[in-house]
Amino acid sequence: MQALALPTMESELRALAWATLLTPACAVYARFAARRLRPGVPRLAALFPTFPVFVYMPCMFSSLHLRLFSTFFHTWLAINRLVLLALDLGPLHPRLPLLPFVLCAGLPIKVRLQQPTKNQASSSSSSPPPSAEFLRPCVRSVLLLSCLAMAYPYTRWLPLYALHYLYCVQIFLTLDLVFSSIALVSAALMDASLERQFSTPLAVTSLNSFWGQQWNLMAVDLLRESVYAPVRARWGRDVGVLAAFLMSGLLHEFLYWYLTLQQPRGEMLLFFVFHAAFQIAERRARAAGLWRPPRAAAYLLVTAFMVVTISEMFFAPFVRAGTDVRLTEETTAMVELIWGTRKYLLHPFRVASS
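- As recorded by an unreviewed UniProt entry, the chain carries the name Wax synthase isoform 3 and is attributed to Zea mays.
- Taken verbatim from the UniProt record of the chain, the Sequence similarities (unreviewed entry) comment is "Belongs to the wax synthase family."
- The UniProt entry for the chain carries the following comment under Subcellular location (unreviewed entry): "Membrane".

Spelled out as structure tokens, the structure:
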């Protein structure tokens, strides 16, 4: 790793404190400016000073995990949503109450828009709270991640692609745990129903379903509204798909720089362009009746395609930069910290029982 300091508890808590102060401050300013300026160039010019703040936020962290999440929360989602706000689009709106506006601006959450029916209104008193639906994915991710952690010492005999498939599962479970935990707390604070970030990305049978309906739905919605829709309206569906994947590739090039501090080589961009081409080809083949395999065969083929391309084109640059080793060290340190805290907290009870 080049010139990236090792994280310490003091440095990461200080960075978290700054991020906790700067993000709401920028969101409050954005809401204030948007309520007083019309959509378009005036509002965009007023919101522009917040963009460098969000771009810099990941650099405050030394932990790769925190850099990764800060990149997604601040550099990707926050700036994209503020640009859409300047155009009077997207999930943010000046008339939103202050707390939902601030939370939706800086966190990967989106309030679910739904019209209550008479049956829903009559049963609202007996329905579970909005945050309840995020409790199950949190528990599931914790249990499965624990199983993976216990299984990893016995995976040395596995082929490379099988091991990378487990890495893909770990990435999904980690992201789902973090995003569901954030949604759990946010839904409780706002008493509002929020949309899920993931559906069932590990059980897909087509690339179109994976990228459009299963994986990281918050980013999909933003790319669809900010890139795909305007490009499709002018140049057609296939060009819109390619433009959305190009934008996603550019954002992942930024992620590569944030995590490695090395100049990107375009490999993230190549990965997403490659998947865009195959997604377009799959849709056209399916429409022409040339691609309708049985569900089990489609699952195996799509899973194999995803694992091989992710392993060779997506993981390879990070492995070459040593990011995987650093992430493993951070994960081990975090597990040791949690176990040490657990023993410390349980120590008084053991003394009392003895």
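## Some words on the overall build of the chain
So, point 1. Assigned secondary structure in the chain consists of 14 helices and zero strands.
So, point 2. Of the regular secondary structure in the chain, the N- to C-terminal order runs α-α-α-α-α-α-α-α-α-α-α-α-α-α.
So, point 3. By the burial criterion, 42% of the 354 residues in the chain qualify as buried.
So, point 4. Contacts spanning at least 24 positions in sequence make up 73% of the contacts within the chain whose residues lie at least 6 apart.
So, point 5. On the chain, roughly 19,700 Å² of surface is accessible, and the fraction owed to carbon and sulfur atoms is 68%.

## Digging into a nonpolar patch on the surface
So, point 1. A surface patch of nonpolar side chains, amounting to about 460 Å² of accessible area, comprises Met 9, Leu 13, Leu 16, Met 334 and Leu 337.
So, point 2. Contributing elements (two or more residues each) for the nonpolar patch: helix 1 (9-36) and helix 14 (323-353).
So, point 3. Along the polypeptide, Met 9 turns up in helix 1.

## Focus on the UniProt feature "transmembrane region" (unreviewed entry) in the chain
So, point 1. As annotated by UniProt and renumbered to match this structure, "transmembrane region" (unreviewed entry) occupies residues 15-32, 44-66, 164-189, 239-259 and 296-319.
So, point 2. Taken end to end, residues 44-66 is 61% helix and 0% strand, and its first and last C-alpha atoms sit 28 Å apart.

## Remarks on the packing of aromatic side chains
So, point 1. Applying the stated rule across the entire model yields 24 aromatic pairs.
So, point 2. Seen in terms of ring centroids, Phe 72 and Phe 179 are 5.4 Å apart; in terms of plane orientation they differ by 35°. Their pairing is tilted. A residue pair is termed long-range when its members are at least 10 positions apart, and Phe 72 in helix 4 (residues 64-86) and Phe 179 in helix 8 (residues 160-190) qualify at 107 residues.
So, point 3. The exposure class assigned to Phe 72 is buried, which follows from its relative accessible area of 6%.
So, point 4. Judged by relative accessible area, Phe 179 falls into the buried class, the value being 4%.

Criteria and cut-off values
Residues numbered from 1 in each chain as written. Predicted model: local features only at pLDDT ≥ 70, side-chain atom pairs only at ≥ 80, totals over all residues. Heavy atoms only, no water. UniProt positions renumbered as here; feature names shortened; annotations may be inferred. Helix = DSSP H or I, 4+ residues; strand = E, 2+ residues; numbered from the N terminus. Buried < 20%, exposed > 50% of the residue type's maximum accessible area, 1.4 Å probe, protein only. Contact = heavy atoms within 4.5 Å. Areas by Shrake-Rupley, 256 points an atom, 1.4 Å probe, with all protein chains shown as cover. Patch = residues over 30% accessible without salt bridge, like charges linked within 9 Å, V, L, I, M, F, W, Y side chains within 5 Å. Salt bridge = Lys/Arg side-chain N within 4 Å of Asp/Glu carboxyl O. Phe/Tyr/Trp six-rings, centres within 6.5 Å; stacked < 30°, edge-to-face > 60°.

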